[in-house]
Amino acid sequence: MKLQKLLPQLIRAALDQDQQQVRRTAMSIVREIRAEEPAVAKEIAEAMAYGDISQRASRSVGINPTPSDSENHSPLALVQEPTPVPEPVLSPTERVALQEFLDERSHLQSLLSSGLEPSKSLLVTGPPGVGKTHLITHIASVLKLPLVTLDLSTAISSYLGRTGFNLRKVIDYGQSMPSVLFLDEFDAVAKRRDDPTDLGELKRIVNVLLLELDRWPAHSIIAAATNHPDLLDPAVWRRFDLVLEISLPGERERTDLLEMYLPEGLVPKDLVRAVASFTDGLSGAGIRQLCGKVVRKNLIHGERPESCLLSEVGLRCAESWGKATRERFCGCIKDALGDSVSSRQLGKWIGLSHTTVQRYLRD
Ligand SMILES: Nc1ncnc2c1ncn2[C@@H]1O[C@H](COP(=O)(O)OP(=O)(O)OP(=O)(O)O)[C@@H](O)[C@H]1O
Ligand SMILES: [Mg+2]
């Protein structure tokens, strides 16, 4: 076929996003021109090779191009290959609930072939930093599914009516292939209920969701996370197969988190356990941040790791301690560091005068 006929065919196929036809036509063009224009033929062949690579790569994370806003073309979702993350530290009850969900998902086929529907939707609630996002990333990783995270900042359009439409697009995308569709920081949508002008828009979103939660395909998972479950419509709550409430970590979990995020052997295990009892109120994210600071301080200033850990715990947590806890902490420091830390220094860590610290130590 002559080049003049092949070019319009190529353009039509490209506009129709018919990859197969694009490749076929491109091959015909190469055959047509390779004798006279070998350099151009080579360039087309190269482009096709890269096209193949990008298609393979995109096929592994999703069969369709990532959905984007129809007006400003910003992507509405972030698509990530399953990435291994450390197993989240959870309370025994939370762990059991998560394991049951994972077990159902890994027996998908046998459940379906027995006429049973596996759990498909999961709502994770809890205060900031307890690991909600981490947990969903972990689920996608264990089940080897791509994680499709809705980008709320783009999806919540300033143009009335487009939010529902954008959400619809992302939902279609999540349903089109085995994946975990993640509506992170879902309260960002829910919060808009405070704004009376947005009521119609919110209702639209909630309606889209209610419908989809009921008919979600078994091959995919829909997960949402929120810090403010109270702002969510109760009808939405009820539709989720599993609602996992993650609370701030208890002492046992805080010990595990400290052990997880402090490099092995940096601080004696006894001290880690003792310190965990002083970190009440810190979230998993808070503990990870604290451990990072300890490691950096030790590395940069050559400070003893024990002293870095105790000072960071004092600086971050002492504000919420009563007299008894402060006294106990002074004792703990004395045991771990002996006389290498002055009462003035110690006072700075826990927000007390050095005379008070001296009194505590005497007592
Ligand atoms: N339970 C946990 N187990 C292990 N790591 C945790 C846990 N909680 C928090 N982390 C660590 O802290 C980081 C931040 O936590 P994450 O973003 O998942 O919290 P979140 O609950 O989603 O917070 P937010 O409400 O602010 O979105 C995680 O990437 C992880 O490294
Ligand atoms: Mg989060």
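See the structure printed just above.
On a predicted model such as this, the values are computed, not experimentally measured, just so you know.

About the cut-offs
The residue count restarts for each chain, going from 1 along the sequence in the order it is written. Here the convention is simple: chains get letters from A, ligands get numbers from 1, in the order in which they are written. Confidence filtering applies because this is a predicted model: local features only for residues at pLDDT of at least 70, side-chain atom pairs given and counted only at 80 or more, and all residues used for totals across whole chains, interfaces and linings. Note that the side-chain values use all heavy atoms of the structure and ignore hydrogens as well as water. We call a residue near a molecule or strand as soon as one heavy atom of that residue lies within 4 Å of the molecule or strand. Think of a polar contact as two N or O atoms within 3.5 Å of one another; within protein, one of them needs to be a possible hydrogen donor and the other a possible acceptor, and neighboring residues in sequence only count if both atoms come from side chains. Definitions used for this entry: grid spacing 1 Å over protein atoms alone; cavity, a set of points where a 1.4 Å probe fits but cannot get out; pocket, an open set with protein on both sides within 12 Å along at least 5 of 7 lines; lining residue, one with an atom within 4 Å of a point. In this description, a molecule resides in a pocket or cavity if more than half of its atoms sit within 2 Å of the grid points defining it. Secondary structure follows DSSP: runs of H or I at least 4 residues long count as helices, runs of E at least 2 residues long count as strands, and numbering of each begins at the N terminus. Only strands that DSSP links by at least two bridges are regarded as paired with each other. In this analysis an axis means a line fitted to C-alpha atoms, helices contributing only their contacting stretch, and an angle means the value between N-to-C directions, from 0 to 180 degrees. The contact criterion used throughout is that any non-hydrogen atoms of two residues lie within 4.5 Å. What we call a nonpolar core is a set of buried Ala, Val, Leu, Ile, Met, Phe, Trp, Tyr and Cys residues that are connected through their side-chain atoms within 4.5 Å. Burial classes: relative accessible area under 20% of the type maximum marks a residue as buried, over 50% as exposed, and values in between as partly exposed (1.4 Å probe, protein chains only). By salt bridge we mean one thing: a side-chain nitrogen of Lys or Arg within 4 Å of a carboxyl oxygen of Asp or Glu. Ring pairs shown here join Phe, Tyr and Trp side chains whose ring centres sit within 6.5 Å, with only the six-membered ring taken for Trp; geometry is labelled stacked below 30 degrees between planes, edge-to-face above 60, and tilted in between. Working rule for helices: expected span equals 1.5 Å times residues minus one. Our arc is simply the arc of the directions from the helix axis toward the C-beta atoms.

J.: If you had to explain the site of ligand 1 to someone new, which residues and values would you point to?
T.: Taken together, 16 residues sit near ligand 1, with Lys132, Thr133, Asn227, Tyr261 and Arg288 positioned nearest. At 2.8 Å, a side-chain N or O of threonine 133 approaches an oxygen atom of ligand 1. When atoms are counted within 2 Å of each cavity's grid points, the one that captures over half of ligand 1 is the largest pocket. Of all the elements in the fold, those that place two or more residues in the shell around ligand 1 are helix 6 (132-142), helix 12 (251-261) and helix 14 (284-301).

J.: Can you explain the sheet that holds strand 1 (residues 77-80)? Please cite residues and give values.
T.: Taken together, the 6 strands give an open sheet; going across it, the order is 1-3-4-5-2-6, and neighbouring strands pair in mixed fashion. Among the strands making up the open sheet, the edge pair consists of strand 1 and strand 6 (242-245). Within the sheet, the average angular offset between the axes of one strand and its neighbour, ignoring direction, is 20°. Pairing of strand 2 (residues 121-125) with strand 5 (residues 221-226) involves 5 bridges; the strand directions are parallel. Within the sheet, the bridge partner assigned to threonine 125 lies in strand 5 and is threonine 226. Across the sheet, helix 8 (residues 162-175) touches strand 1, strand 3 (147-150) and strand 4 (180-183), and the angle it forms with strand 4 is around 155°.

J.: Let's hear about the nonpolar core: which residues, and what values?
T.: Counting residues in each nonpolar core, the largest one holds 32 residues, and the members touching the most others are Leu309, Leu310 and Val313. Contributing elements (two or more residues each) for this core: helix 12, helix 13 (269-276), helix 14, helix 15 (305-317), helix 16 (323-337), helix 17 (343-350) and helix 18 (354-362). Among residues more than four places away in sequence, those in contact with valine 313 are Val275, Phe278, Thr279, Leu290, Ala318, Trp321 and Phe329.

J.: Any details on the pattern of salt bridges? Residues and values, ideally.
T.: Tallied over the full model, the rule gives 14 salt bridges. The salt bridge involving glutamate 32 is made with lysine 2; its shortest N-O contact spans 4.0 Å. Separated by 30 residues along the polypeptide, glutamate 32 in helix 2 (residues 19-33) and lysine 2 in the segment before helix 1 (3-15) bring together distant segments of the chain. The exposure class of glutamate 32 is partly exposed, given its relative accessible area of 30%. Residue classification places lysine 2 among the exposed positions, given a relative accessible area of 56%. Across the salt bridge formed by arginine 316 and glutamate 312, the nearest N and O atoms sit 2.8 Å from each other.

J.: I'd like to hear about the packing of aromatic side chains, residue by residue, with values.
T.: Enumeration according to the criterion identifies 3 aromatic pairs in this entry. Between phenylalanine 278 and tryptophan 321, the aromatic rings sit 5.5 Å apart at their centres with planes inclined by 55°, giving tilted as the arrangement. On the criterion of sequence distance, the pair formed by phenylalanine 278 in the loop between helix 13 and helix 14 and tryptophan 321 in the loop between helix 15 and helix 16 is long-range, its members being 43 residues apart. The residues phenylalanine 278 and tryptophan 321 share a single accessibility class, namely buried. Aromatic side chains phenylalanine 278 and phenylalanine 329 sit 4.9 Å apart centroid to centroid with 75° between the ring planes, which places their arrangement in the edge-to-face category. Taken together, the residues phenylalanine 278 in the loop between helix 13 and helix 14 and phenylalanine 329 in helix 16 connect sequence positions 51 residues apart.

J.: Before we move on, can you summarise helix 14 with the specific residues and values?
T.: With 18 residues, helix 14 extends 26 Å between its outermost C-alpha atoms, agreeing within 8% with the 26 Å of an ideal straight helix rising 1.5 Å per residue. Along helix 14, the residues classified as buried are Gly284, Gly286, Ile287, Leu290, Cys291, Val294 and Lys297. All buried residues of helix 14 project into a common sector of 160° when viewed along the axis, lining one side. Every exposed residue of helix 14 that faces more than 90 degrees away from the buried side is listed here: Arg288, Gln289, Leu299 and Ile300.

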